[in-house]
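Overview (structure and organization)
Listed here are the chains, written in short residue letters.
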Amino acid sequence: MTLDRDITELARRIQDESEGTVPYQKARLAAAKELGGLPVHSMSAEDRIELRAQYTCESVDAARFAIRGGIHGLGLDHCSDEQRSFRVLLALALFNGNVYTGPTARWNYAVVASYDPVMSPRRDRLVMVAERAPENVASRLLPAATGSSRGVPGLRYEDTYICHEHVSVRLRHLPTGARLTITGDPAGCERDGKRSLVPRDRYLTIDNDLMAHERRALAELPPISGDAAILLAGLVSRYNLVDRRGSWATSLSWDPLERPGVERRSEPDVLRDGAVRRLWGAGDSWEFRWTGYPEPYDLARALTHREAGIKGARVTRHGDAYRVLLGTASLDLCEGED
């Protein structure tokens, strides 16, 4: 096996560099940890916190908030049913946009990519760290009271507060009860007696019931199987992931690794008109097709990676697409508009 061979070679190099002072078993353990050869669940909480921060680009403090209370692995997919349902809805908004005119594209959530938010998924909430303009991001997500299709149906404003001298906006999704916090605080801390603020803009609040056009929008969504829901929610959790060894990255707006071969994704039509994204399907069968970033292979790796991927997910090549499989569900990752 390639991984086993790489671990052996690195362990021997560690021993050589230590001039024989490091025992082989200790060197092999260090090599396995460096190369991703250790099962994540076998690591201590502190090691998993550090590992998660390396992949998600969260601060260590944010990763620590996320990995606590019996969270498994890196905690990217360990969440309540309410959170998973909301993340699926968010995926259908986030990964649809531009010339695609399906129902969720009209929610206008894809524009949030321009803020380069860092996702900090937690068991009972999703924290989105948008250091530049958290209130602007919130305004992009919240539905308008005028009956416009803009915004995520059922999302409501709860409150605004200051934490570590940064503004945070807390939202709640009425149909699922799930919580979303958009914050300028890199630590992504939860509210704990912090100072509340009067919101700068007027929003629909948790006291405003679902409007008729929101009910219609939600009714237009196709059925989604349980396994497919894990895959779609996993796209949101891995929105801005970077391989700690520099092999892949999933940012939607640029390549954090600045690889020369990936620069071609900043093509004139993408720069001029913006990226095209279309995520759609029904039941067990789904397809994500897009222009711009990231590379399809990169996203497939992120979803199936030994350390940072979805448990049990695997990838195959299917024509021009990478097909990610989980249980009975499949998600095809394809390049281009057609």
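Relevant structure appears above.
Residues numbered from 1 in each chain as written. Predicted model: local features only at pLDDT ≥ 70, side-chain atom pairs only at ≥ 80, totals over all residues. Heavy atoms only, no water.

Regarding the overall build of the chain
For the chain, the helix and strand inventory stands at 10 helices and 11 strands. Considering only contacts in the chain between residues 6 or more positions apart, those separated by 24 or more positions represent 64%. A total accessible area of about 15500 Å² is found for the chain, and carbon and sulfur atoms account for 48% of it. (Helix = DSSP H or I, 4+ residues; strand = E, 2+ residues; numbered from the N terminus. Contact = heavy atoms within 4.5 Å. Areas by Shrake-Rupley, 256 points an atom, 1.4 Å probe, with all protein chains shown as cover.)

What about the layout of surface pockets?
In this structure, the largest pocket occupies an estimated 610 Å³ of space. As for the largest pocket, its lining consists of 24 residues, and the residues nearest its centre are Gly 73, Asp 77, Gly 309, Ile 310 and Lys 311. In the lining of the largest pocket, the residues fall into 10 nonpolar, eight polar and six charged. (1 Å grid on protein atoms, 1.4 Å probe; cavity = no way out; pocket = protein on both sides within 12 Å on 5 of 7 lines; lining within 4 Å. Points joined across faces, edges and corners; volume = space filled by probe spheres on them. Nonpolar A, V, L, I, M, F, W, Y, C, P; charged D, E, K, R; others polar.)

What about the sheet that holds strand β10 (residues 321-326)?
Spatial strand order, β7-β8-β11-β10-β9: five strands in an open sheet with mixed pairing. A strand with exactly one partner marks an edge of an open sheet, and here the two such strands are β7 (277-282) and β9 (314-318). Strand-to-strand twist across the sheet, computed as the mean angle between neighbouring axes with direction ignored, equals 20°. Sheet topology note: the β7/strand β8 (residues 285-290) ladder contains six bridges and is antiparallel. Bridge pairing in β8 links Leu 279 to Phe 288. Contacts from helix α8 (residues 226-237) reach β7, β8, β10 and β11 (329-335), with the element oriented near 40° to β11. (Pairing = 2+ DSSP bridges. Axes fitted to C-alpha atoms, helices over the stretch in contact; angles between N-to-C directions.)

Looking at the side chain of Thr 304
Turning to its location among the elements, Thr 304 is positioned in helix α10 (residues 296-304). Residue class for Thr 304 comes out buried when judged on its relative accessible area of 19%. Ignoring sequence-local partners within four residues, the contact set of Thr 304 consists of Gly 309, Ala 313, Arg 314, Val 315 and Val 324. (Buried < 20%, exposed > 50% of the residue type's maximum accessible area, 1.4 Å probe, protein only.)

Remarks on the nonpolar core
Nonpolar side chains tend toward joint burial in soluble globular proteins. Judged by nonpolar contacts, the single largest core of 54 residues is most densely connected at Phe 95, Leu 171, Leu 180, Ile 182, Leu 279, Leu 331 and Leu 333. Apart from the residues within four sequence positions on either side, Phe 95 is in contact with Leu 235, Val 236, Tyr 239, Leu 252, Arg 277, Arg 278, Leu 279 and Phe 288. Counting 10 residues, the second largest nonpolar core, distinct from the first, contains Met 43, Leu 74, Leu 76 and Trp 248. (Core = buried A, V, L, I, M, F, W, Y, C linked by side-chain atoms within 4.5 Å.)

Things to note about the packing of aromatic side chains
Ring pairs (aromatic) are described by centroid distance and by the angle formed between their planes. Using the criterion set out here, one finds six aromatic pairs in the structure. Ring plane angle 15° and centroid distance 6.1 Å describe the contact between Tyr 55 and Trp 248, whose orientation is recorded as stacked. On the criterion of sequence distance, the pair formed by Tyr 55 in helix α3 (residues 45-56) and Trp 248 in the loop between α8 and α9 (268-273) is long-range, its members being 193 residues apart. In terms of burial, Tyr 55 and Trp 248 fall into one category: buried. Plain terms: the ring middles of Tyr 157 and Tyr 203 are 5.2 Å apart, the flat faces sit at 35° to each other, and that makes the pair tilted. (Phe/Tyr/Trp six-rings, centres within 6.5 Å; stacked < 30°, edge-to-face > 60°.)

Concerning empty space enclosed by the protein
According to the stated counting rule, one finds three cavities of 30 Å³ or more in the structure shown. As a volume, the largest cavity reaches approximately 40 Å³. Taken together, Phe 95, Leu 235, Arg 238, Tyr 239, Thr 250, Leu 252, Phe 288, Pro 294 and Leu 299 form the lining of the largest cavity. Partitioning the lining of the largest cavity into residue classes produces seven nonpolar, one polar and one charged.

A few points about unusual backbone geometry
In this structure, the amide linkage connecting Tyr 293 to the following residue, Pro 294, adopts the cis form with an omega of -5°. Locating Pro 294 in the fold gives a position in the loop between β8 and α10. Although it is not a glycine, Cys 57 sits at a positive phi angle of roughly 70°. Structurally, Cys 57 is set in the loop between α3 and α4 (60-66). With a relative accessible area of 44%, Cys 57 lands in the partly exposed category. The backbone phi angle of Glu 258 is positive, close to 50°, even though this residue is not glycine. For Glu 258, the location among the structural elements is in the loop between α8 and α9.

Things to note about the pattern of salt bridges
The full count for this structure, using the stated rule, is 15 salt bridges. Notably, a salt bridge pairs Glu 58 with Arg 52, separated by 2.7 Å at the nearest N-O pair. Comparing Glu 58 with Arg 52 shows no difference in burial state: the two are buried. Taking the shortest distance from any N to any O, the salt bridge between Asp 332 and Arg 323 comes out at 2.6 Å. (Salt bridge = Lys/Arg side-chain N within 4 Å of Asp/Glu carboxyl O.)

Here's the deal with the environment of Glu 131
Structurally, Glu 131 is set in the loop between β2 (126-129) and α6 (134-141). On the basis of relative accessibility, which here comes to 53%, the residue Glu 131 falls in the exposed class. Taking the C-alpha atoms as reference, Glu 131 lies 7.7 Å from Pro 117; in sequence the two are 14 residues apart. Dropping the residues within four chain positions of it, Glu 131 is found in contact with Thr 183, Gly 184 and Pro 186.

Things to note about the side chain of Thr 160
Residue position: Thr 160 is located in strand β3 (residues 155-163). Given a relative accessible area of 2%, Thr 160 falls into the buried group. Separated by 2.7 Å, the side chains of Thr 160 and Tyr 157 make a polar contact. (Polar contact = N/O pair within 3.5 Å; in protein donor to acceptor, adjacent residues only side chain to side chain.)

Limitation: the analysis is restricted to geometry and does not speak to function.
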